[in-house]
Amino acid sequence: MATTPSPNTTTSALDAGLIWLDGQLVPQEQATVSVLTHALHYGTSVFEGIRAYETERGPAVFRLREHSQRLLDSAKILGMKPTMTVEEIDQAILETIRANRRKSCYIRPLLWYGPESLGVSPARNLLHFMVATLPWGVYLGEEAVTKGAKLITSSWRRSSGDIMPTKSKAGGNYVNSVLAKEEALENGYEEALLLDKEGFVAEGTGENVFFLKNGTLYAIAHSVNLRGITRDTIVQLARDMGTLVENTMATRDELYTADEVFMTGTAAEVTPVASIDRRPIGPGVAGPYALAMRERYLQVVSGKLPAYDRWLTYVGG
Ligand code: PPE
C-alpha cells in the first residue's frame with residue numbers, strides 16, 4: 001500500500017521555531033492538530049497577518065494593538081467567544097517573537113474551532129489559539145516591487161457581504177482568494193484584481209487598492225473589502241505628505257486610465273502596479289508616487305520617523 005506521510009509528521013518548509021499554542025510555547029513539530037479539527041472541515045478559523053521590523057531599538061511590531069483587536073472582531077463576527085483579552089493576544093505575540101529571537105518576521109495568529117465534535121454546529125467545539133512567527137521577505141516578488149506587479153481582473157468575484165462575512169479575516173473566506181490567486185499565477189500574472197458582484201473594484205487577494213489621478217490619491221472605499229490597517233496607514237501618511245486623499249468606488253476601467261495604481265497590505269506593504277489586464281498603467285512601470293510611498297512606509301515601520309512611533313510596539317528582551 002502506498003504510504004502517505006502523516007500530516008503530523010510531514011516536515012514543513014516553514015521555519016516557525018517555537019509556536020505559541022494554547023498558552024505555551026512548543027516546537028513547531030509538536031504544534032499539530034487533529035484531522036477532525038472543525039476548522040479543517042468547515043473553514044471556521046480567523047487569523048491575522050502582522051509584521052515586526054528591525055529598528056535601532058530592536059524589533060518592533062507595527063500596529064500590534066489594531067491587529068489584535070481585528071482578530072477579536074473577526075472572531076466576534078463568526079460568533080466565536082474567545083476568553084482572551086486584547087492585551088493577552090498582544091503579550092502572546094510579543095513573547096513568541098522574543099522566544100524565537102526574531103529581528104524581523106511575519107506573525108500569524110490564528111483562532112480556530114477544535115476536534116471536539118463533528119458537524120456544522122461548532123457549539124461543542126473548543127476554541128484554540130496559536131501564534132507563529134516566520135521569516136518572510138517581499139510578498140509579490142522583488143520584481144513586482146521594483147518594476148510593478150502585473151494584475152489581471154479575476155473571473156472570481158469577491159464574495160458579497162450577505163454571503164460571507166467579508167470584514168472577518170476568516171479562513172473560509174480565503175477560498176475565494178486562493179481561487180483568484182491561482183488563476184492569476186497560472187496565467188502569468190502576479191496578482192488578481194477582484195471585483196464585487198456589482199462590478200466595482202473590491203481588492204486584491206490579500207491587498208487593498210489605491211490609484212492616483214491628477215495628483216489626488218483615491219483609496220478604494222470600504223465595501224466587501226477588508227478594512228486594511230496598511231490602507232489606513234497609507235491614507236494618513238499621504239495626508240501628512242500634503243496629498244489630497246479621497247475614498248471612492250471605482251470600476252476597473254477607471255484604474256486603466258489612472259496615473260498610478262498600487263496595492264497595500266501587511267504582507268505586500270506597498271506594491272506598485274505596472275499593468276492591469278495587459279494595459280499599462282501610466283508608462284507601465286512602478287510609479288514614482290508609489291515608490292516614494294513605499295519608501296516612506298518602510299521608514300515608518302522601521303522606526304526612522306519619530307512622528308509615527310505611536311504605531312510601533314518595541315518587543316524588548
Ligand atoms: N484584503 C485582504 C483580502 C487581505 O487578506 C489583506 C491582508 C488586506 C486586504 C490588507 O490588510 P492589512 O494587512 O490590514 O493592511 N492580507 C494578509 C494575508 C496575506 C496572506 O497571503 O496570507 C496580510 O497581508 O498579512
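Residues numbered from 1 in each chain as written. Predicted model: local features only at pLDDT ≥ 70, side-chain atom pairs only at ≥ 80, totals over all residues. Heavy atoms only, no water.

Examining the site of the ligand
Item 1. Lining the immediate environment of the ligand, one finds 21 residues, of which Tyr-106, Tyr-139, Tyr-174, Glu-203 and Thr-230 sit closest.
Item 2. Between Ile-229 and the ligand, the recorded distance is 2.7 Å, taken from a backbone N or O atom to an oxygen atom.
Item 3. At 2.9 Å from an oxygen atom of the ligand is found a main-chain nitrogen or oxygen belonging to Ala-267.
Item 4. Protein burial of the ligand: of its 540 Å² of free accessible surface, 93% is covered by the chains.
Item 5. Within the residue set of the shell around the ligand, elements represented by two or more residues are strand E6 (105–113), helix H6 (229–240) and strand E14 (260–265).
Item 6. Within the shell around the ligand, the residues separate by chemical class into six nonpolar, nine polar and six charged. (Near = heavy atom within 4 Å. Polar contact = N/O pair within 3.5 Å; in protein donor to acceptor, adjacent residues only side chain to side chain. Areas by Shrake-Rupley, 256 points an atom, 1.4 Å probe, with all protein chains shown as cover. Helix = DSSP H or I, 4+ residues; strand = E, 2+ residues; numbered from the N terminus. Nonpolar A, V, L, I, M, F, W, Y, C, P; charged D, E, K, R; others polar.)

Notes on the side chain of Arg-70
Item 1. Relative to the helices and strands, Arg-70 is located in helix H2 (residues 64–77).
Item 2. A relative accessible area of 11% means that Arg-70 is categorised as buried.
Item 3. A distance of 3.1 Å separates the side chain of Arg-70 from the backbone oxygen of Arg-227, its partner in a polar contact.
Item 4. Here Arg-70 is in contact with Glu-48, Lys-169, Leu-226, Arg-227, Gly-228 and Ile-229, once residues within four sequence places are set aside. (Buried < 20%, exposed > 50% of the residue type's maximum accessible area, 1.4 Å probe, protein only. Contact = heavy atoms within 4.5 Å.)

So, the packing of H6 against helix H8 (residues 288–301)
Item 1. Following both chains from N to C, one finds H6 and H8 inclined at 105°, their axes separated by 11 Å at the closest point. Relative to H8, the element H6 is oriented roughly perpendicular. Here Thr-230, Thr-233, Ile-234, Leu-237 and Ala-238 of H6 lie close against H8, whose contacting residues are Tyr-289, Met-293, Arg-296, Tyr-297 and Val-300.
Item 2. Its residues assigned to classes, the contact of H6 with H8 shows seven nonpolar, two polar and one charged. (Axes fitted to C-alpha atoms, helices over the stretch in contact; angles between N-to-C directions. Parallel < 35°, antiparallel > 145°, perpendicular 65-115°, else oblique.)

Details of H2
Item 1. The end-to-end C-alpha distance of H2, which contains 14 residues, comes to 20 Å, matching closely the 20 Å that a straight helix rising 1.5 Å per residue would cover.
Item 2. By the burial criterion, the buried members of H2 are Leu-64, His-67, Ser-68, Arg-70, Leu-71, Leu-72, Ser-74 and Ala-75.
Item 3. Immediately downstream of H2, the backbone of Gly-79 shows phi near 80°, a positive value. (Expected span 1.5 Å × (residues − 1).)

Quick look at the packing of aromatic side chains
Item 1. One pass over the structure, following the stated rule, counts eight aromatic pairs.
Item 2. On the numbers, 5.8 Å between centres and 85° between planes, the contact of Phe-62 with Trp-311 is edge-to-face. In this pair, Phe-62 sits in strand E5 (residues 58–62) while Trp-311 sits in the loop between H8 and strand E17 (312–314), placing the two residues 249 residues apart along the sequence. Taken individually, Phe-62 and Trp-311 each receive the classification buried, so the pair is uniform in this respect.
Item 3. In textbook terms, an aromatic cluster arises when at least three aromatic residues are bridged by ring pairs, as seen for Phe-62, Tyr-297, Tyr-308 and Trp-311. (Phe/Tyr/Trp six-rings, centres within 6.5 Å; stacked < 30°, edge-to-face > 60°.)

Considering the pairing of E6
One face of the sheet, then the other: side chains in a regular strand alternate in exactly this way.
Item 1. Of all nine residues in E6, seven are buried; the element is thus mostly enclosed.
Item 2. In this structure, strand E3 (residues 45–47) lies alongside E6, joined through three bridges in antiparallel fashion. Its bridge partner being in E6, Ser-45 is matched across the sheet by Trp-112.
Item 3. Where strand E4 (residues 50–55) lies against E6, three bridges are found, and the strand directions are antiparallel. Note on E6: the bridge partner recorded for Ile-50 is Ile-107.
Item 4. Direction of pairing for E6 relative to strand E7 (residues 127–134): antiparallel, over a ladder of eight bridges. Opposite Ile-107, over in E7, you have Thr-133 as the bridge partner. (Pairing = 2+ DSSP bridges.)

A few points about the environment of Thr-32
Item 1. When you line up the elements, Thr-32 lands in the loop between strand E2 (24–27) and helix H1 (38–42).
Item 2. Take Thr-32: its relative accessible area is 34%, and that puts it in the partly exposed class.
Item 3. Sequence separation of Thr-32 and Leu-21 is eleven residues, and the distance between their C-alpha atoms is 9.1 Å.

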